[in-house]
Amino acid sequence: MRIGQGFDVHQLVEGRPLILGGIDIPHDKGLLGHSDADVLLHTIADACLGAIGEGDIGKHFPDTDAAFKDADSALLLTHVWDLVKKRGYRLGNVDCTIMAQKPKMAPYIQVMQERIADLLESDVSQVNVKATTTEKLGFTGREEGIASQAVVLLVESK
């Protein structure tokens, strides 16, 4: 078994779509980043890379590389997942938390879990996504950004 954890933050800005967990979420602001800035998929990718001792997404997809400008984070996670499989692992489970004051995430959690399960070639029962506000405290509470954290358990493939 291998365990990895991930954490990421992106600023909310006008004029960008809000993409979280591989899905578009209606909101008046989106996340700023070199790629599509899907903070949740970035967090999961970092957790997976940590579990296999391969650094982080900045190492694999540097923001100085034009090839990753506006990249779909689902494709980045797919690349990371290919590395995990090549190392001989499959998903045990992943547990994620989104920290955002707005928008409310509850209506989108199930679809996010299904999308992540698809990307990680696993059953949706192995993927947990939850969300919390920070009670209007800090940058997330002031709606300046969204943060995410994840813990992943990888198990040897049979």
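Residues numbered from 1 in each chain as written. Predicted model: local features only at pLDDT ≥ 70, side-chain atom pairs only at ≥ 80, totals over all residues. Heavy atoms only, no water.

Q: I'd like to hear about the overall build of the chain, residue by residue, with values.
A: What the chain contains, in helices and strands, is five helices and seven strands. Order of helices (α) and strands (β) in the chain, N terminus to C terminus: β-β-β-β-α-α-α-β-α-β-α-β. Its C-alpha atoms give the chain principal-axis dimensions of about 45 × 35 × 25 Å. Going through the 158 residues of the chain one by one, you find that 49% of them count as buried. Across the chain, contacts joining residues at least 24 apart in sequence account for 71% of those joining residues at least 6 apart. A total of about 7800 Å² of accessible surface is found on the chain, and carbon and sulfur atoms cover 52% of it. Taking the average location of the 16 positive side-chain charges in the chain and that of its 23 negative ones, the two points are 4 Å from each other. (Helix = DSSP H or I, 4+ residues; strand = E, 2+ residues; numbered from the N terminus. Buried < 20%, exposed > 50% of the residue type's maximum accessible area, 1.4 Å probe, protein only. Contact = heavy atoms within 4.5 Å. Areas by Shrake-Rupley, 256 points an atom, 1.4 Å probe, with all protein chains shown as cover. Lys, Arg positive; Asp, Glu negative; His and termini not counted. Charge placed at Lys NZ, Arg CZ, Asp CG, Glu CD.)

Q: Tell me what's going on with the sheet that holds strand S6 (residues 127-132), and back it up with residues and numbers.
A: Taken in spatial order, the five strands make up an open sheet running S4-S1-S7-S5-S6, and their pairing is mixed. The strands lining the two open edges of the sheet, one partner per strand, are strand S4 (30-31) and S6. Examined bridge by bridge, strand S1 (residues 2-13) and S4 share two bridges and lie antiparallel to one another. What sits directly across from Leu12, in S4, is Leu31. Running at roughly 145 degrees to S6, helix H4 (residues 109-119) makes contact with strand S5 (89-99) and S6 of the sheet. (Pairing = 2+ DSSP bridges. Axes fitted to C-alpha atoms, helices over the stretch in contact; angles between N-to-C directions.)

Q: Can you lay out the pairing of strand S7 (residues 145-156) for me, pointing to particular residues and giving the numbers?
A: Of the pairings in the sheet, the one linking S1 to S7 comprises 10 bridges and is antiparallel in character. For Gly6, the partnering residue across the bridge sits in S7 and is Ala150. Sheet topology places S5 next to S7; 10 bridges connect them, and they run antiparallel. Paired with Met99 across the bridge in S7 is Ala147.

Q: Account for the state of the cysteines, naming residues and giving values.
A: For the structure on display, the rule yields zero disulfides. Here Cys48 is not disulfide-linked; the sulfur of Cys96 is the nearest cysteine sulfur, at 9.2 Å. Residue classification places Cys96 among the buried residues on the basis of a relative accessible area of 0%. (Disulfide = S-S within 2.5 Å.)

Q: Go over H4, please, and point to the residues and values.
A: Those residues of H4 lying buried are Ile109, Met112, Gln113, Ile116, Ala117 and Leu119. In an axial view of H4, the angular spread of the buried residues amounts to 160 degrees, which keeps them on one side of the axis. Contacts made by the buried residues of H4 are with strand S2 (18-20), strand S3 (23-25), helix H1 (39-51), helix H3 (73-86), S5 and S6. A positive phi of about 50 degrees marks Glu121, the residue just after H4. (Arc of directions from axis to C-beta.)

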